[in-house]
Amino acid sequence: MNKKPSWDLSQIPPVIGIKEEIGYPQLFIGRQGELQRYTRWLSNIPRELSKSQAIIARRKTGKTAFLQRLYNIAYSHREMGVIPFYYEVKEGKKWVVDLSEDFFTQFMAQYLRNRYYWSEQLPVMSGKLTLKTLREIAKDRGDEVVSLMIREFMMLLQRDPAPVYIVWSWAQDAPRTLAEAKNEYILQIIDEFQLLNSEMYLDKACTNPIDNLAGSYLGVAESKIAPLIVTGSYVGWIIKLLMEQLPSRFVRYHLPPLKYEEGLEAVYRYSTVMEVPVTDQTAVLINEISGSHPYYISTIVRSEYPEKDLSTPDGVMKVYEYEIFNPDGELRGTWIEYIARAFNQINNVWAKKIVMLLSRHKGELTRKQIKEKLDIPLDDQELERKLKALVAADILNQGETNYDYSGIGDRVFELVFRSIYQKEAEDLQLEAIKKESRKELAEKVEQITKNRNKLRGLLADLRGKSAEYMILRYLKFEAYKSPEAIKDKVNNYREGILFVPYDEVKPYIFNLEGSRIMEIDIYAVAGEGVCLAFEVKNRSDRPVSRDEVDTFLHKLSFLRQKEGRRIEGIYYSRCGFVGEALALLKKHNLMYTDYHKWWE
């Protein structure tokens with residue numbers, strides 16, 4: 001029996017198909033379990049065993065970053081035999097014909113790049129590619145199937161009046177049609193799928209709305225040669241849509257939050273990349289108050305608070321308070337925008353009281369308990385409608401049964417919500433809410449101090465797994481304090497090298513050999529003194545081979561040539577080096593080490 005191929009999901013894909021919105025690729029953290037799950041799912045597409053999926057998670061939880069990384073894994077690993085297509089549905093009014101043209105155009109552009117321009121840019125990529133240009137590219141490549149599909153679609157668009165439903169059907173079914181015509185397999189990723197039922201119009205003037213466009217995927221979603229992954233940020237909304245308009249067509253998967261240790265790693269990575277120092281104590285505190293939420297972590301680390309200092313608990317508290325209570329805070333602004341949309345249909349004082357009650361309550365409450373605790377003057381049927389509307393708006397969670405409800409368990413949301421509405425609903429002043437928040441954070445600091453030994457073990461394990469970022473952090477914030485310490489940390493020491501205050505310490509990513517993405521793990525740039533280039537292998541199962549050293553030498557040669565300055569190489573391997581690798585390191589005067597506490 002043939003063994004299934006495996007892919008190293010911890011690395012950035014060697015060839016990038018789409019630019020990831022997360023920005024700096026190394027800021028994608030964790031999600032190894034989810035990536036393994038969906039890589040297996042991708043591998044099963046050519047076997048026609050993969051059923052369409054719906055990934056559900058609240059906004060700003062890293063869902064788009066996950067999907068874009070999954071796309072790039074599929075794009076990079078051509079041996080999978082799957083051609084990926086990514087489309088994000090944007091908010092705002094749209095004529096269905098305009099939506100169809102955009103969808104079809106983006107699909108054809110991505111398809112042609114994947115098939116014929118895999119490691120380079122499509123021609124005329126500086127502007128938006130037109131269908132006419134795409135057809136010329138297809139004809140130039142001898143792809144008669146694509147050329148014909150584009151011609152037929154362009155003819156549909158030219159009809160007056162435009163046959164709206166036919167145009168949409170052509171665009172929507174293009175991935176499946178092309179996969180079938182060419183005996184290929186296509187992955188369709190549609191981000192923010194629920195917006196297909198929002199602000200879509202049958203007429204160009206956008207006066208005649210259609211609220212069931214997503215439901216037209218009833219047949220398309222059954223495809224095994226072009227299965228879908230759809231996502232939704234408004235949990236209640238998309239679940240209702242899937243149940244009512246697309247029953248049994250999608251396997252639902254709720255994207256979990258980051259694990260605690262992944263959240264802690266995120267704090268260290270964002271701190272290092274954004275050059276905002278944290279201590280072990282404040283890193284744990286930031287992770288605690290963020291609930292290991294990547295967006296909250298990144299927002300706190302890059303906060304615009306004028307006196308930002310994340311090296312003390314008091315400094316963290318001030319940044320946290322600024323982000324939640326200050327009108328300029330990004331976290332506050334994000335949630336206010338969300339709340340304004342969600343409360344558009346249910347904005348009354350009883351809805352606010354219900355949300356605040358369940359936000360403070362640990363666990364679930366029944367409809368009867370909610371009514372009794374708040375003394376709500378509504379009949380049971382009206383109260384149920386209000387609660388269902390709050391669940392659909394993603395402001396409350398449905399409990400174990402349809403009779404039970406709970407808060408969404410997001411402390412940042414709860415504090416923002418209460419700061420906006422509590423004076424109106426419960427006559428509680430903002431200062432009282434701030435006082436409560438400060439007390440809560442002070443208790444967390446006390447708990448962190450008490451659990452110092454337990455946290456020390458967690459941090460040691462994290463450092464062992466994240467040597468690259470620990471070294472990077474050490475070089476950026478600590479190394480210059482002991483300039484000669486490098487002598488004790490490496491073998492084959494090169495005379496005259498000292499630690500200095502580096503201008504930049506970062507990974508160095510570049511294109512080499514036919515646009516293949518290459519990376520120097522750490523490049524420490526010195527204004528004065530010698531620059532350092534690190535290769536970091538932190539695996540625990542095997543030593544570094546000769547070929548791996550040779551690859552580093554190749555990259556180092558490119559870096560020296562490009563930068564035109566003295567750059568010394570250091571190779572860190574947690575598991576040491578084979579004999580031939582050591583000989584090559586010495587021959588080329590590279591420093592090396594397997595010292596597992598390099599960053600201390």
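All values derive from a computational prediction rather than experimental measurement. (Residues numbered from 1 in each chain as written. Predicted model: local features only at pLDDT ≥ 70, side-chain atom pairs only at ≥ 80, totals over all residues. Heavy atoms only, no water.)

**A word on the pattern of salt bridges**
Selection criterion: One side-chain nitrogen of Lys or Arg within 4 Å of one carboxyl oxygen of Asp or Glu is enough to make a salt bridge. Counting from the N terminus, the helices are the DSSP runs of H or I reaching at least four residues and the strands are the DSSP runs of E reaching at least two.
Evaluated as defined, the whole model comprises 25 salt bridges. For D143, the salt bridge identified is with K182, shortest N-O distance 2.5 Å. Linking D143 in the loop between α4 (131-140) and α5 (144-158) with K182 in helix α6 (residues 164-182), this pair joins segments that are 39 residues apart in sequence. In this structure, E414 engages R411 in a salt bridge whose closest nitrogen and oxygen atoms are separated by 3.5 Å.

**Structural notes on the nonpolar core**
Most often, soluble globular proteins have nonpolar side chains that are buried together. This is how it is decided: In these notes, a set of buried Ala, Val, Leu, Ile, Met, Phe, Trp, Tyr and Cys residues joined through side-chain atoms within 4.5 Å is what counts as a nonpolar core. In this scheme, a residue with accessible area under 20% of its type's maximum is buried, one over 50% is exposed, and one in between is partly exposed, where area comes from a 1.4 Å probe on protein chains only. A contact between two residues is defined here by any heavy atoms of the two lying within 4.5 Å.
One finds L42, F193, L196, Y217 and I229 to be the most contacted residues of the largest nonpolar core, which totals 86 residues. Ranked by residue count, the leading element in this core is helix α3 (residues 96-116), at eleven residues. Setting aside residues no more than four positions away along its own chain, L42 makes contact with L70, A74, M80, V82 and L187. Counting residues in hydrophobic clusters, the runner-up holds 65 residues, among them L310, V355, L387 and L441.

**With respect to helix α11 (residues 313-325)**
Cut-off, in case you're wondering: Between the first and last residue of a helix there are one fewer steps than residues, each counted as 1.5 Å, and that sum is the expected span.
With 13 residues, α11 extends 18 Å from end C-alpha to end C-alpha; this agrees with the ideal 18 Å at 1.5 Å per step. Where burial is concerned, most of α11 is hidden: eleven out of the 13 residues are buried.

**Some remarks on the packing of helix α1 (residues 32-43) against helix α2 (residues 63-76)**
The line we're drawing: Axis definition: a line fit to C-alpha positions, over the contact stretch in the case of helices; interaxial angles, taken between N-to-C directions, run 0 to 180 degrees. Convention used here: angles under 35 degrees read as roughly parallel, angles over 145 as roughly antiparallel, angles from 65 to 115 as roughly perpendicular, and any remaining angle as oblique. Less than a right angle of anticlockwise turn of the near helix away from the far helix marks a crossing as left-handed, whereas a clockwise turn marks it as right-handed. Put simply, Ala, Val, Leu, Ile, Met, Phe, Trp, Tyr, Cys and Pro go in the nonpolar bin, Asp, Glu, Lys and Arg in the charged bin, and everything else, Gly too, in the polar bin.
Contact geometry for α1 and α2: axes closest at 11 Å, N-to-C directions at 45 degrees. Between α1 and α2, the crossing angle belongs to the class labelled oblique. For the crossing formed where α1 meets α2, the hand is right-handed. Between α1 and α2, the contacting residues are E34, L35, Y38, T39 and L42 on the first element and F66, R69, L70, I73 and A74 on the second. Looking at the contact of α1 with α2 residue by residue, the classes come out as seven nonpolar, one polar and two charged.

**Description of the sheet that holds strand β4 (residues 186-191)**
The line we're drawing: Whether two strands pair comes down to DSSP finding at least two bridges between them.
The five strands are arranged β2-β4-β7-β1-β8 in an open sheet whose pairing can be described as parallel. Every other strand in the sheet has two partners, leaving β2 (83-88) and β8 (251-254) as the edge strands with one partner each. Neighbour to neighbour, the strand axes of the sheet diverge by 20 degrees on average, direction disregarded. By the bridge criterion, three bridges tie β4 to strand β7 (residues 228-232) in an arrangement that is parallel. Its bridge partner being in β7, Q188 is matched across the sheet by L228. Sheet strands in contact with α3 are β2 and β4, and its direction is about 150 degrees off that of β2.

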